[in-house]
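Report on the structure
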Amino acid sequence: EAGVVQSPRYKIIEKKQPVAFWCNPISGHNTLYWYRQNLGQGPELLIRYENEEAVDDSQLPKDRFSAERLKGVDSTLKIQPAELGDSAVYLCASSLEAGDINEQFFGPGTRLTVL
Amino acid sequence: DAKTTQPNSMESNEEEPVHLPCNHSTISGTDYTHWYRQLPSQGPEYVIHGLTSNVNNRMASLAIAEDRKSSTLILHRATLRDAAVYYCILRDDGSNYKLTFGKGTLLTVNP
């Protein structure tokens, strides 16, 4: 069974440029999460989707970050414009249903470097 | 969210058992203890979770103190592939989907 797929794996951009990350969750998982992981820290939740609905985006910096999950499957996270402090690994995860205490499955992440 | 405290780093030798401690003195009655680990250049992966009783699975064992204020993740025979950052997380049963990661414990396994 394929795991969570993310692309690209690496992205280098200059500040003020836009960037987008794509995530394909495990088939059948209706809950999708985006996390950001700064160097030396644990991941921090940015947004959670249940199907197409963003049910928790309280930690998403809405002035420059946006996300969408069309048709309740794939998701895209966008930053526009990127700032130096956005350099981090962006992780996507999925689970069978919100509140599932068993397991979140993570992708390998996209490492963003903003110059 | 209830907080956890873990050592920043630990070392072990290959094929020896490893005991990774976690303190969670403010745990509530409905908080489960979850463990995830993150191998280099990968996303975190689930290891094990428990509420009150000790738990075993193919990856590890989880020993939970009687007062539930601490727990220990046990790797019975460490391998080089177990070198990772191990995160201890408290998660409320059913009402809190959120995984709040701390800095975790960096486990180094020596050959």
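Below you will find a few notes about this structure. (Residues numbered from 1 in each chain as written. Chains lettered and ligands numbered in written order. Predicted model: local features only at pLDDT ≥ 70, side-chain atom pairs only at ≥ 80, totals over all residues. Heavy atoms only, no water.)

This part covers the overall build of chain A. When its secondary structure is counted, chain A shows zero helices and eleven strands. If you list the helices and strands of chain A from N to C, you get β-β-β-β-β-β-β-β-β-β-β. Taking 2.2 N^0.38 as the reference for a compact globule, 115 residues should give roughly 13 Å; the C-alpha atoms of chain A span a radius of gyration of 13 Å, in line with that estimate. Projected onto its principal axes, the C-alpha positions of chain A cover 35 × 25 × 25 Å. Buried residues in chain A amount to 46% of all 115 residues. At a minimum sequence separation of 6, the contacts of chain A that also span at least 24 residues come to 55%. Counting only carbon and sulfur atoms, one obtains 48% of the accessible surface of chain A, whose full area is about 5700 Å². Of note, chain A has its 12 positive side-chain charges centred 9 Å away from the centre of its 16 negative side-chain charges. (Helix = DSSP H or I, 4+ residues; strand = E, 2+ residues; numbered from the N terminus. Rg over C-alpha atoms; globule rule 2.2 N^0.38 Å. Buried < 20%, exposed > 50% of the residue type's maximum accessible area, 1.4 Å probe, protein only. Contact = heavy atoms within 4.5 Å. Areas by Shrake-Rupley, 256 points an atom, 1.4 Å probe, with all protein chains shown as cover. Lys, Arg positive; Asp, Glu negative; His and termini not counted. Charge placed at Lys NZ, Arg CZ, Asp CG, Glu CD.)

When you go through chain B residue by residue, the secondary structure sums to zero helices and nine strands. Ordered by position from N to C terminus, the α and β elements of chain B give β-β-β-β-β-β-β-β-β. Here chain B has a C-alpha radius of gyration of 13 Å; the compact-globule value for 111 residues is 13 Å, and the two agree. Along the three orthogonal principal directions, the C-alpha set of chain B runs to about 40 × 30 × 25 Å. For chain B, the proportion of its 111 residues judged to be buried stands at 45%. Sequence-distant contacts, at least 24 apart, represent 55% of the contacts inside chain B between residues at least 6 apart. Computed over 10 positive and 12 negative side-chain charges, the separation of the two mean positions in chain B equals 5 Å.

All names here are of chain B. Among the structural elements, Asp82 can be located in the loop between strand E7 (70–75) and strand E8 (84–92). Here the side chain of Asp82 touches Arg37 through a polar contact of 2.8 Å, side chain to side chain. Once you skip the residues sitting within four places of it in the chain, Asp82 turns out to touch Arg37, Leu75, Arg77, Leu107 and Val109. (Polar contact = N/O pair within 3.5 Å; in protein donor to acceptor, adjacent residues only side chain to side chain.)

What follows concerns the environment of Gln6(A). All names here are of chain A. Among the secondary structure elements, Gln6 is positioned in strand E1 (residues 5–7). Remark: the alpha-carbon pair of Gln6 and Phe106, spanning 100 residues in sequence, is separated by 9.6 Å. If we skip the residues at most four places from it in the chain, Gln6 touches Trp22, Trp34, Tyr90, Leu91, Cys92, Gly107, Pro108, Gly109 and Thr110. A distance of 3.0 Å separates the side chain of Gln6 from the backbone oxygen of Tyr90, its partner in a polar contact.

Next up on the list: the state of the cysteines. Residue and element names in this part refer to chain B. Summed over all chains, the structure comprises two disulfides over all chains. Paired through a disulfide, Cys22 and Cys88 show a sulfur-sulfur distance of 2.1 Å. The sign of the S-S torsion, about -80°, decides the handedness of the disulfide formed by Cys22 and Cys88: left-handed. Of this pair, Cys22 sits in strand E2 (residues 18–23) while Cys88 sits in strand E8, and the two are 66 residues apart along the sequence. You'll find Cys22 and Cys88 in the same group, each marked buried. (Disulfide = S-S within 2.5 Å.)

In this section: the environment of Pro81(A). Residue and element names in this part refer to chain A. Mapped onto the elements, Pro81 comes out in the loop between strand E8 (75–79) and strand E9 (88–95). Sequence separation of Pro81 and Tyr33 is 48 residues, and the distance between their C-alpha atoms is 22 Å. Setting aside chain neighbours within four positions, we find Pro81 in contact with Lys16, Gln17, Arg64 and Asp86.

Right, let's talk about the sheet that holds strand E4 (residues 45–50) of chain B for a bit. Residue and element names in this part refer to chain B. With respect to topology, five strands assemble into an open sheet ordered E1-E9-E8-E3-E4, the strand pairing being mixed. With partners counted over all chains shown, the strands left at the sheet margins are strand E1 (9–13) and E4, one partner each. On average, adjacent strands in this sheet sit at an angle of 25° to one another, irrespective of strand direction. (Pairing = 2+ DSSP bridges. Axes fitted to C-alpha atoms, helices over the stretch in contact; angles between N-to-C directions.)

Purely geometric numbers; function is a separate question.
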